[in-house]
Each structure stands twice: as C-alpha cells, then as structure tokens.
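Architecture and fold: a report
Spelled out, the chains give:
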Amino acid sequence: MKSSSLIATVCIVLAFVCQGCGIYSFSGASIPAEAKTISVQYFPNHAQLVNPTLSNEFTTALRDAMMNQTPLDMVEEGGDLAFEGEITNYQTTPIAITAGQTAALNRLTITVKVRFSNRIDDTKDFESTFSRYEDYPSDQDLNAVQESLSATIIEALVEDIFNKALVNW
C-alpha cells in the first residue's frame, strides 16, 4: 500500500512540475506554448576570407538543430521564432610561436552575427555575435583540415545560438 501511494504522489508532483506556461523539450529548450513556427534565413558570408561552402553548411546546421530540438514547424520566413544574420569573420592566425619565430599552431576562427526575433515575447529578442575557434598544427595545410575544423566550430556555434535563444543562458 505504501509504495502505491508513493507512486501516486510522485506522479501528481510530476504532473504539476511539468505543467507551465511553455513547452519544454528534452534539449532544455523553453519555448512559448503559443509558438508554432520557426524560420532560419540564409546566413551570407561577409568575411574577408571566404570559404565557399560555409554559408550553406552553417545555415543548414542551424535549421537542422531547430527542427530536431524543437517541436516547431520550419517556415521560409516570418516564423514565430526567427533567426537571421551573417558570417562576419573566417580567419586563420598563428597562435603558438616557436623559438625559431615560426608558428607551431594555427587557429581557425569563425564569427557569426545573429538577430533573433521572438514574435510571442519580444523581450527575448537579441542581436549578438558568436565566435568559436579550433587550433590545428601549422604543418597542416588549412585546405586539408578546414572541413573537419569548420564542422566542429559550426556545431559549437549552433549550440551557443540555440542556448541563448531557447534555453535562456
């Protein structure tokens, strides 16, 4: 008898805890219950050094994350939650100089400017710059490693953007 009443109590408590004014997903996102759609505009590359596939890869990764981690329907434009912006920096720089004045490590940095609009609650709107980097040995050519480095950086950028927009960190 005790275990069944304990289970019933736990179920009731869980029902109240899960109830609220928003939709909560296993990703930790807090999405307004009124929100039904999301849109992610194409992010053009305005960096001085242009990786020709970066805009498509970044935009696709951000769209995929929003579709996979939220219950919202993706629309072309004007979503209840909307993302737009541009890639502002794509650069490689030497970071670890050896005694012989040569670089031991290089750093690939990608920076993205994001404008987020929440049409349900405009106090959640923001315009922010997100930047991430990965280091690689200087004896490796950027062309040989940029695909894997870019994928790692894009994944981290998308996570940062998702968290700021929908997890409210």
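Everything below is about the structure shown above.
Computed from a prediction, not measured in an experiment: that's the story for all the values here.

**Some remarks on the overall build of the protein**
- When helices and strands are tallied, the protein shows three helices and seven strands.
- Listed by position from the N terminus, the elements making up the protein come as α-β-β-β-α-β-β-β-β-α.
- A total of 169 residues make up the protein; the buried ones form 36% of that total.
- Summarising the internal contacts of the protein: among those between residues at least 6 apart in sequence, 65% fall at separations of at least 24.
- Total accessible area on the protein stands at roughly 10000 Å², and carbon and sulfur atoms take up 54% of it.

**Description of the packing of aromatic side chains**
- On inspection of all chains with the given rule, the structure shows four aromatic pairs.
- With a centroid separation of 6.3 Å and 65 degrees between ring planes, the pair formed by Phe 126 and Phe 130 is classed as edge-to-face.
- A residue is classified by how much of its surface remains accessible, and Phe 126, at 12% relative accessible area, is buried.
- Here the aromatic cluster, defined as three or more aromatic residues joined through ring pairs, consists of Phe 83, Phe 116, Phe 126 and Phe 130.
- When the ring centre of Tyr 133 is taken as origin, the NZ or CZ atom of Arg 107, which lies over that ring, is 3.7 Å away.
- We note Lys 164 situated over the ring of Phe 126; from NZ or CZ to the ring centre the distance is 5.0 Å.

**Examining the nonpolar core**
- Ranked by size, the top nonpolar core spans 36 residues in total, and within it Phe 58, Leu 62, Phe 83 and Leu 166 carry the most contacts.
- Contributing elements (two or more residues each) for this core: β3 (37–40), α2 (54–69), β5 (81–97), β6 (103–118), β7 (126–137) and α3 (142–167).
- Broken down by element, this core gets its largest block of residues, 11 residues, from α3.
- Ignoring any residue separated from it by four or fewer positions in sequence, one finds Phe 83 in contact with Ile 38, Ser 39, Val 40, Gln 41, Leu 62, Met 66, Val 114, Arg 115, Phe 116, Ile 161 and Ala 165.

**Observations concerning the sheet that holds β3**
- Ordered in space as β4-β3-β5-β6-β7, the five strands form an open sheet in which the pairing is mixed. The open sheet has two free edges, formed respectively by β4 (73–74) and β7, since each of these has just one partner strand.
- In this sheet, β6 lies alongside β5 in antiparallel orientation, the contact comprising 15 bridges. Paired with Ile 87 across the bridge in β6 is Val 112.
- Strands in contact with α2 are β3, β4, β5 and β6; relative to β5, the strand with the most contacts, it is inclined by about 125 degrees.
- Strand contacts of α3: β5, β6 and β7, with the helix running at about 150 degrees to β7, the strand carrying the most contacts.

Conventions used here
- Residues numbered from 1 in each chain as written.
- Predicted model: local features only at pLDDT ≥ 70, side-chain atom pairs only at ≥ 80, totals over all residues.
- Heavy atoms only, no water.
- Helix = DSSP H or I, 4+ residues; strand = E, 2+ residues; numbered from the N terminus.
- Buried < 20%, exposed > 50% of the residue type's maximum accessible area, 1.4 Å probe, protein only.
- Contact = heavy atoms within 4.5 Å.
- Areas by Shrake-Rupley, 256 points an atom, 1.4 Å probe, with all protein chains shown as cover.
- Phe/Tyr/Trp six-rings, centres within 6.5 Å; stacked < 30°, edge-to-face > 60°.
- Lys NZ or Arg CZ within 6 Å of the ring centre and 35° of its normal.
- Core = buried A, V, L, I, M, F, W, Y, C linked by side-chain atoms within 4.5 Å.
- Pairing = 2+ DSSP bridges.
- Axes fitted to C-alpha atoms, helices over the stretch in contact; angles between N-to-C directions.

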